[in-house]
Amino acid sequence: MWHIIKNEWRFFGRTKLLFGISIGFVVVLVLSIILGQQQGAQQMEERAAAQAQLRAQWDSIEGMNPHGAAHYGTYVYKPRTLLSHLDEGVNSVTGNVIRVEGHVQNEIIHSEASQMQAVSRFGKLKSALLLQYIIPLLLVFLAFSAVSGEKQSGRLRLLVMQGASPRNIIFSKTVSVWLYGVGLLLLVVLTYSVLNAANLNGEILVRTLLFFLAYALFYFIITGLTVFLSARWQNATLALTTMLGVWILWSIFLPYMLMSSVEKWYPLPSREAFKSAMREDRSKGIDGHNPSDKRGEALEAAVLAEYGVDSLSQLPINYDGLLMQADEEYGNIVWDKHFGELRESMGNQKKAYQFSGLVNPFASLQMASMGFTGTDNLHHQDFLLQVENYRRDFIKTLNDEHAYGGSKTGDWYWEADNAFYQSVADFSYQPTAISNLLPNYLVDIGLLGCWSLLTFGLLLFATSKLQLV
């Protein structure tokens, strides 16, 4: 078997066209990694500089009313993950800046796609584009005549007469082409690792290994199915045409068709409808029977009773700060309700689309690739949740200072000093460990594994039915 594989590789090396294509593709592949790395590093530096400048502005506040500071707010920039250079996932369309302020949970804005010209959206060189679309095509063109070409030339009969079994021939052809794809994949991983050697850690290594596994399985599926068709059909052109049709179906048509179906099964509210529902719940109460004015009256009565006074002017604290915080906490309940429902719907969409891997392994590859590089919607939602939790602590700190910092009710001109504003904690993003999210991607890896076993079975079937002419 290994003798046949070595002969195949010698043939690849002697084919000048293939050699030239390989060299050109390797150059493009490495170039895409380096350019992606440089662009990512530049974006990280720019965001870090912008975040530092915002913090410096916040720390320089000499005197401001805490409630005014809550409206002044700050901004949080979404950090790029170290592996996002390999697969940008949803990052290019979800935005990278979110404003943190009182009373409002803002949307993340300024996506990369919204800031690019239409032509550059298609012309940007991306590693994921090459790994998911171009390398599989190369494998198809290498494997389509692996067996049928040998039949037509009569070399297949000669190999059998020399003692090579049909099983060894078919699997040797498959492995030799598959190793070509794995070699290109390994080149990507190694180049990336060298460029980021200083930042590698256990978490990154585990994610990279899982990323490598997902692509290696998919490349085996593509290669194995192409060799199977080549073994079953006499005409190499027919094998090529069929596999190209399968590739187009998997990578272009099925993803759009299945995602459209998933969106119909688990529809998401429009942006305006979503915002309108949140505004209504916040003003009228979640149950429709607890409007904001009644909540305010109940809070006032409770505070007066707690301090044993008859009017707000007699309170030793600033009731306005308590009222602002009570409004925030009720808004948090509304946020948890609506965004919880939204995340549940998106989770159902993700699960439904994941199971489309039963008919389309390309869908499983995409989901696994984004998940292991930390650029899918799960990681994005985790970032938004961390920002929202920070916003709540941030605003509560300001409201508590407004209430208990020394001012009295109605004193909107009272100002907190610079020391207080410097004591307010800055946002610090904590990346989610893959161990916490791995169960979400077991379906994708499992389906890729099942497709690999199916491909293996088809290759075994092809060996039993192989015709020498």
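Residues numbered from 1 in each chain as written. Predicted model: local features only at pLDDT ≥ 70, side-chain atom pairs only at ≥ 80, totals over all residues. Heavy atoms only, no water.

Thoughts on the overall build of the chain
Point 1. The helix and strand inventory of the chain stands at 19 helices and four strands.
Point 2. For the chain, the residues scored as buried account for 48% of the 469 residues in total.
Point 3. Relative to all contacts within the chain whose residues are 6 or more apart in sequence, the contacts with residues 24 or more apart total 81%.
Point 4. Entry remark: accessible area of the chain is about 22,900 Å², with carbon and sulfur atoms responsible for 63%. (Helix = DSSP H or I, 4+ residues; strand = E, 2+ residues; numbered from the N terminus. Buried < 20%, exposed > 50% of the residue type's maximum accessible area, 1.4 Å probe, protein only. Contact = heavy atoms within 4.5 Å. Areas by Shrake-Rupley, 256 points an atom, 1.4 Å probe, with all protein chains shown as cover.)

Brief notes about the packing of aromatic side chains
Point 1. Counted according to the given criterion, the structure contains 19 aromatic pairs.
Point 2. A ring pair is formed by Tyr 390 and Phe 427, whose centres lie 5.6 Å apart and whose planes are at 65 degrees; its orientation type is edge-to-face. Here Tyr 390 is found in helix H16 (residues 377-404), whereas its partner Phe 427 is found in the loop between helix H17 (418-423) and helix H18 (434-437), with 37 residues between them in sequence. For the pair Tyr 390 and Phe 427, a shared accessibility class is recorded, and that class is buried. (Phe/Tyr/Trp six-rings, centres within 6.5 Å; stacked < 30°, edge-to-face > 60°.)

What about the confidence of the model for the chain?
Point 1. Confidence along the chain averages 86 in pLDDT terms, with 88% of residues attaining 70 or more.
Point 2. Of all secondary-structure elements in the chain, the lowest mean pLDDT belongs to helix H5 (residues 118-123), at 44, while helix H15 (residues 361-372) reaches the highest, 96.
Point 3. Note on residues 117-123: pLDDT is under 50 here. Beyond four places in sequence and across chains, it has three contacts. (pLDDT = per-residue confidence, 0-100.)

Topic: helix H10 (residues 202-232)
Point 1. The terminal C-alpha atoms of H10, which comprises 31 residues, lie 45 Å apart, in line with the 45 Å expected from a rise of 1.5 Å per residue.
Point 2. Among the 31 residues that make up H10, 23 are buried, leaving the element largely enclosed by the rest of the structure. (Expected span 1.5 Å × (residues − 1).)

Focus on the pairing of strand E2 (residues 74-77)
Point 1. Burial of the side chains of E2 is restricted to one face: Thr 74 and Val 76 are buried, whereas none of Tyr 75 and Tyr 77 on the reverse face is.
Point 2. Here E2 runs beside strand E3 (residues 97-100); their pairing, made up of four bridges, is antiparallel. Its bridge partner lying in E3, Tyr 75 is registered against Arg 99. (Pairing = 2+ DSSP bridges.)

Re a nonpolar patch on the surface
Point 1. Together, Ile 248, Leu 249, Ile 252, Phe 253, Tyr 256 and Met 257 make up an exposed nonpolar region whose accessible area comes to about 600 Å².
Point 2. Within the secondary structure, Tyr 256 sits in helix H11 (residues 236-265).
Point 3. What makes Tyr 256 exposed here is its relative accessible area of 61%. (Patch = residues over 30% accessible without salt bridge, like charges linked within 9 Å, V, L, I, M, F, W, Y side chains within 5 Å. Salt bridge = Lys/Arg side-chain N within 4 Å of Asp/Glu carboxyl O.)

Looking at the nonpolar core
Point 1. Formed by 69 residues in total, the largest nonpolar core has its most connected members in Leu 131, Tyr 219, Trp 250 and Phe 372.
Point 2. Broken down by element, this core gets its largest block of residues, 17 residues, from H10.
Point 3. With residues near it in sequence (within four places) discarded, Leu 131 still touches Pro 136, Leu 185, Val 188, Phe 211, Tyr 215 and Tyr 219.
Point 4. Of all hydrophobic cores here, the second largest spans 22 residues; its members include Val 76, Ile 108, Tyr 390 and Phe 427. (Core = buried A, V, L, I, M, F, W, Y, C linked by side-chain atoms within 4.5 Å.)

Comments concerning the pattern of salt bridges
Point 1. This structure, assessed with the given rule, holds 13 salt bridges.
Point 2. When the shortest N-O distance is used, the salt bridge between Glu 107 and Arg 271 registers 3.6 Å. Taken as a pair, Glu 107 in the loop between E3 and H5 and Arg 271 in helix H12 (residues 271-284) lie far apart in primary sequence, 164 residues in all.
Point 3. Judged by its relative accessible area of 33%, Glu 107 falls in the partly exposed class.

Examining the environment of Ser 435
Point 1. Along the chain, Ser 435 turns up in helix H18.
Point 2. Since its relative accessible area comes to 55%, Ser 435 is described here as exposed.
Point 3. For the pair Ser 435 and Val 206, spaced 229 residues apart in the sequence, the C-alpha separation amounts to 9.4 Å.

With respect to the side chain of Asp 87
Point 1. By the element assignment, Asp 87 lies in the loop between E2 and helix H4 (91-94).
Point 2. Its relative accessible area of 6% is what places Asp 87 among the buried residues.
Point 3. Here the side chain of Asp 87 touches Ser 369 through a polar contact of 2.5 Å, side chain to side chain.
Point 4. Residue contacts for Asp 87: discarding those within four places in its chain leaves Ala 128, Gln 132, Tyr 215, Ser 369, Met 370, Thr 373 and Thr 375. (Polar contact = N/O pair within 3.5 Å; in protein donor to acceptor, adjacent residues only side chain to side chain.)

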